[in-house]
Structure formats: structure tokens, C-alpha cells
Amino acid sequence: MTARDEVLARISTALGRARGEAPGEISGAAAIPRRYRRAGATAAGEGVPAGVGHQAELVELLVDRLVDYRATVTRSEPAGVADVLAQRLGQHRIDSVLVPDGFPEEWLGAVSAERRTDDALTPAQLDGIDGVLCTGTLAIAETGTIVLDSGPGQGRRALSLVPDYLLIVLTSDQIVAGVPEAVARLDSGRPLTWISGPSATSDIELNRVEGVHGPRTLDVILIQAARPGF
Amino acid sequence: MTVAGKTYLGMPTAPPGVGQLRGDESFPDAAETALANGQLRRNLANATSTIRAKRAAVVAEVPDWQELRAAAAAVKDDVLAHLDSYLVQLEARVTERGGVVHWARDANEANRIVTELVAATGSREVVKVKSMATQEIGLNQALEEAGILAFETDLAELIVQLGDDRPSHILVPAIHRNRTEIRDIFLSEMAGVDCGLTDDPAALAEAARRYLREKFLTTKVAISGANFAIADTGTLMVVESEGNGRMCLTLPDTLITVMGIEKLLPSFTDLEVFLQLLPRSSTGERMNPYTSMWTGVHPGDGPQEFHLVLLDNGRTATLADERGRAALRCIRCSACLNVCPVYERTGGHAYGSVYPGPIGAVLSPQLTGVADNPSLPFASTLCGACYDVCPVAIDIPKMLVHLRERVNQDKATSHRLPTPESAGMAAASWAMRGHRRWTWLLRAARLGRLARLSRLSRSAAGRRLLPPPLSAWVSSRDLPAPPAQSFRDWWAEQ
């Protein structure tokens, strides 16, 4: 008997099924009691009707959570993004910056750092670049989480990992309240990276230390409007 | 013998002689050594009180915590009730997406599969992201015997590996070490470390970053565990903080993931429950810094060869016991360790298994069979704090009582004479059955003398005053001094 057949047979026996009895139909998600909040709620636990007020509240909550994780958040009007972006790179002395395919060109107008593209760079080559820019897929206000799915403007997973400085540009309409709304919007078939603050460890006397292996700096630019082309 | 359902008898458990589920000594003996270590107790008390406060604060933010907990318990019970169907579904999805699924009956088989997979790549080095399953099966040792070097990349695991130590906590394996001890380990064991290294946590983390970076950039094979696998999509998931997990999961050419067969969720939607419960329960954060999810192989992004090893190693034996099965709901958050008064004083090593604390006391004996871990179900005060914090609502105290029954029953069947415990309990049962007997006994001065003797007996010299088995009983228990007058006598007088 193969290991596969044996483990499956053991499970069947352990569950008390008679020999040869087929396993029951799997019930899937439908059978689970889901009395928890699934949409339209904030951390205060009160359902807030979706709309302009709701979205403004989510922006404040997300900023609060991101800052709590020691990320830096800069807000910008759509017209000012290029200047804010260049200013952030300058402040962190980023001389070379990796720009993934699909990152909006109009946001790069004022960048003076050397621009690199991802020409199948090796990990060691990525390590030689100061910082990386990317867009995000969505952000979760309650938990201060930004989700990347390697889509346009984001590039493959290694890009947001190896360089020491990561700048993510988000638009306020990409913010959802909680984890359930985020899970509902995501495509499970894509590689997903959820980022909540910069790399950190709590392994030494449970003191939080930022920056172990991932980027030590997480810079976020939050645009108070919809993303161009969306 | 009615307690033992017929099914779990004979179901193969985790084999002895491999991996880390059994201690060299019983819990009371190991605990006695740990209790004498004042530094250990200070390190643990600091760490557990810090993390308890953090967890309590972020859990209090979530108004629907109990509803999330109920859903999580129901999801995991659904997984266990249809485990074979969900595993077959997972296997199909992972295979469709370019992954290769392997099945391992036990630790030996899993170690052999992984060793052969690494050997086939031609690589003699692997980077590893912290994994309870690979610790459980002793994978690093098996690889070493095959001439393959495994580098642990989680900071705490690295501290443990460099210190030639054993992990003592599920989440923070080096919780028993303070910063000075960690600096000393780095100075003596880490190649190329600056000899002026201070014990500042930021400096220690920086030293680990420098040490591991080259490994991440050049190693071609990685080994991971998995926090969850999603049956309906074939998605695997790892939560972590440092980025070492992302390094292992994305940079190498080949990824080998070893996962216990119970770590399934039926659907991608179920993540909405578990990604709320797990980080808040484990590190006391609203969300852990990094979560990675991948489904088979993603062309042009990450490892282009992916192997998933599904591990039984005593899990089906656990599944067979209806009253112990819920231990397989465990998502390894470690909340139960941090609230446990026994864990806080003895530390994780006393449990002898990679799964310490309350969950270890119910999981390890089931994975190995209770005969191989008979003292663990007794390593608890049954105070119930572990049940209160468990995000998947495992009733650990109730399960401990059930496993104590199984241990006693196992001893009864292997001893011809009654065990001292069962003889003592039978005598107590007789005495308590009639109120006249009980009143008489309370009055008897002998009980008072016994209690006084028990206090004496806790000193090494005094322990000889009571004969075995009573000496063993009182060595780890405080008996209250009997009152001068019983309530019944007082009542009669009034």
C-alpha cells in the first residue's frame, strides 16, 4: 500500500467509517456559523454605511495603524504625487531605485535617482539597489496591512523584499475596513504578500526591533483620490 | 476499559528514536531542574507577562472575538470530520498548479523524502524558515546525516541552533535566553561577527541580518512549514515577522514544504477568520509583519519547483480518539503557553517535546501514544486559562482529564497490581462515600500528622519520612494544614 493510500485509510478508520465506506461530502464554507463582522464595520465594531464619510474614517484608521507599526505615511493630492515621491527618495538618500513594470509614469517625473527595471535581476543584483517603488492591491484599515499580488506596478515578490527601502503608493479607494473584505477581493491564484509595517523581530526579550531581513524602511504615500486609470 | 474507544488502539503513533516528541526524563524530574534555575524563571516571567498584556490589549479591540472563535472551531472540526476528502482536494489543486505532493506515514518517511528531494537538486545546503513540523521530525539531524547543512533563518531558531540548544516555546523558541546570553552565543558561534558586539537587541538583529544575507542570496533550496493550506484553491501560507520566511519562499529555485495533515482550511474564505485570530493570539499584534501565500508554482515569480510533504506521524492516531481529536484544531499560536502558570515556572524544555505548555501536554502524548509521555497530562493545574485564550476553543483542561484516565488505564493494563495512584484514589473514594466515615477521618489526628509530615517531606532530608508512593505525591504538592475543628463538629456544637 502506498503512503498516500495508507494515510487515507487510517483517516477513514479513525473517523469510525466501516471498511470501504465512502467519506461524506465535504460541506465547504456554507456550513460554518459566520456571526462575526464580515463587511462595512470599523474597529469600533459599529456598522458604518459605505460612502464618503466611511472612506474618510478608513483612511484615518489605516494611517494610525501604519504609523503604529513605524511605517511613515505621507498624504498627497493627486497632482502632488511626483513631488512627494521624489522628496521621500531624497530624504532617504536613495540613489538607485527599482521601478516595476506598470508603475504609473506620471508619478516619476521628479525622480532624480538612477532608475532600474527588473531585467530578470538575480537576488545579488537586487541587493545592490537602494530602494524599490511599487503600487499595492489593497490595504486593510483595521490591521494596518498592505497586500501585494505581483500585479502591474508591483512586479515579482522578490522586488519588495531584497532592497532595504520600500515605498508603496496607495490610493484611498483601495482601503477596505477589515480582513473579510480584503479576502473577498483577492485572487487566490496569484502570489500574495501581506505587509504590516517593516520587517521586525521580537525574538530578543520580546523587544520589537525593526529591520531584520526584509526592508528596514516602509514608506507609504497615500493619494486622497482614485488611482489614475481606475 | 470503556474509556478507550476501540479505534485509536492500534493506529500507528509517531515512531520513537526520531524527532523531538519525547523527553529524556519525566515532566516532574525535568521541572525540578528547571525550577532551580532562577535566571530561567526571571526570563520567562518577563516574557510571558509582556506578551500576555499585548495579547489582551489587541484582543479587546475586536468586538466579535467570541464569534470568530466559534467559527474557527467549527471550520477546524469540519476539516477533521472530512480530512481525507479535503486532503485529496488539496493534492489535486496543488498538482494542477505545478506542485508535487508527497505523503509521509511518519517522521522517518518524511525525512527520507525531503533528504532525497534535496539530494536530487545537487545542493548540499538549504535555508529553512522556522517550522514546528520539521522540528517534530528532527529533519535537521536527518539532513546532517546525509551530508546536507540546514541553516535556520528565524532569529530565535538561529540562536537555538548556534547555541546547540533546544527550542522552548512554539513562537519564540529562545524565550528562555536573555540578551546577554544571546550576545555570548553570537560571539562564540557566529562566523565573522564583530567582536565588539553589544547586547542591544537592535545590534543583535543586525548581526543576524549580515550573517544570513549571503545565504539567502545564494542558496538554491529552501524548506518551510505551513501555517495553513487551503483545500479548495491549493494555496499554502506562511505567517512571519522578520522577512526570513519571504526570503526562503521566494528566492531559491526549489521549495520543499512539510506540513501536518491537519493544517488545512476548506476554503480561501476561511482565511478571513484565521488571519484575524492567529496574529492577535500569538504575537499580540493586529497583524504579523509578513504573510506569504502561494499556489503551486508561479511562472517567473519565486521557486519554479515546489514539493509539498503531507505528514501523519501520529495525527491519525490522535484523530481516532473522539475526546482528544480537537487537539488537532491547534494553529500553533502559543497563547496557551503564555498564560499557563506551570509553563511560566518550568519553561518549555521540561515538557521534553517541541510542543510544550498546555497544548503540548495534550498533543504530544497523543502523537506518541500515552505510554511514551505518561507524565505530560499531569503537568497542569487545570486552571482553565489555556481554554479561555485558545483562538480555536480547544477545551484543554477537559482533554487533560481524559488523557489522565487513558494514562491510568494504560498503566492498569500493563501492571498486575493496582498502581499506587489507583489504590490511593480507591481508598479516598471509600472514605468520601459515607459521611460518618468522612467525619471520623477528619477528626483523626493521623491526617493532621500526615499533613505536617508532608510539609517536612518537601525538604530533601524530610522526604524520607514518608514512604513511597506518598513521598512522590507530596513532593510536588502543598497540603493545607487541617483546621483545628471541622465545620461538621462546629455545627454540631452550635
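Reading the values: the criteria
- Residues numbered from 1 in each chain as written.
- Chains lettered and ligands numbered in written order.
- Predicted model: local features only at pLDDT ≥ 70, side-chain atom pairs only at ≥ 80, totals over all residues.
- Heavy atoms only, no water.
- Core = buried A, V, L, I, M, F, W, Y, C linked by side-chain atoms within 4.5 Å.
- Buried < 20%, exposed > 50% of the residue type's maximum accessible area, 1.4 Å probe, protein only.
- Helix = DSSP H or I, 4+ residues; strand = E, 2+ residues; numbered from the N terminus.
- Expected span 1.5 Å × (residues − 1).
- Contact = heavy atoms within 4.5 Å.
- Polar contact = N/O pair within 3.5 Å; in protein donor to acceptor, adjacent residues only side chain to side chain.
- Patch = residues over 30% accessible without salt bridge, like charges linked within 9 Å, V, L, I, M, F, W, Y side chains within 5 Å.
- Areas by Shrake-Rupley, 256 points an atom, 1.4 Å probe, with all protein chains shown as cover.
- Salt bridge = Lys/Arg side-chain N within 4 Å of Asp/Glu carboxyl O.
- Buried area = accessible area lost by both parts, 1.4 Å probe.

Draft legend 1. Structural view of the nonpolar core. Judged by nonpolar contacts, the single largest core of 178 residues is most densely connected at W194 of chain A together with F186 and L271 of chain B. In this structure, V18, A107, A110 and I113 of chain B belong to the second largest nonpolar core, which totals 21 residues.

Draft legend 2. Examining helix α18 (residues 396-414) of chain B more closely. Residue and element names in this part refer to chain B. Taking 1.5 Å of rise per residue, the 19 residues of α18 would be expected to cover 27 Å, and the 26 Å separating its terminal C-alpha atoms lies within 8% of that figure. Those residues of α18 that are buried are in contact with α14 (335-339), α16 (357-368) and α17 (385-389). Where α18 begins, the side chain of D395 points an oxygen toward the backbone nitrogen of K398, at a separation of 3.3 Å.

Draft legend 3. Representation of a nonpolar patch on the surface. Residue and element names in this part refer to chain B. A surface patch of nonpolar side chains, amounting to about 410 Å² of accessible area, comprises F487, W490 and W491. Locating W491 in the fold gives a position in helix α23 (residues 487-493). Judged by its relative accessible area of 57%, W491 is exposed.

Draft legend 4. Quick peek at helix α3 (residues 81-91) of chain A. Residues and elements named next belong to chain A. Taken together, the buried positions of α3 are occupied by V81, A82, V84, L85, A86, R88 and L89. Summarising the contacts, the buried residues of α3 are in contact with β1 (72-76), β2 (96-98), β4 (131-135), β7 (165-171) and β12 (217-223). Once α3 ends, the next one or two residues include R93, with phi positive near 50°.

Draft legend 5. Geometry of the interface of chain A and chain B. Listed as interface residues are 79 residues of chain A and, on the opposing side, 95 residues of chain B. The contact between chain A and chain B buries some 7,400 Å² in all, and 59% of this surface belongs to carbon and sulfur atoms. If you sort the residues of chain A by the area they bury against chain B, R10, R157 and H213 of chain A come out on top, with a joint share of 11%. Put simply, chain A and chain B have 16 salt bridges between them.

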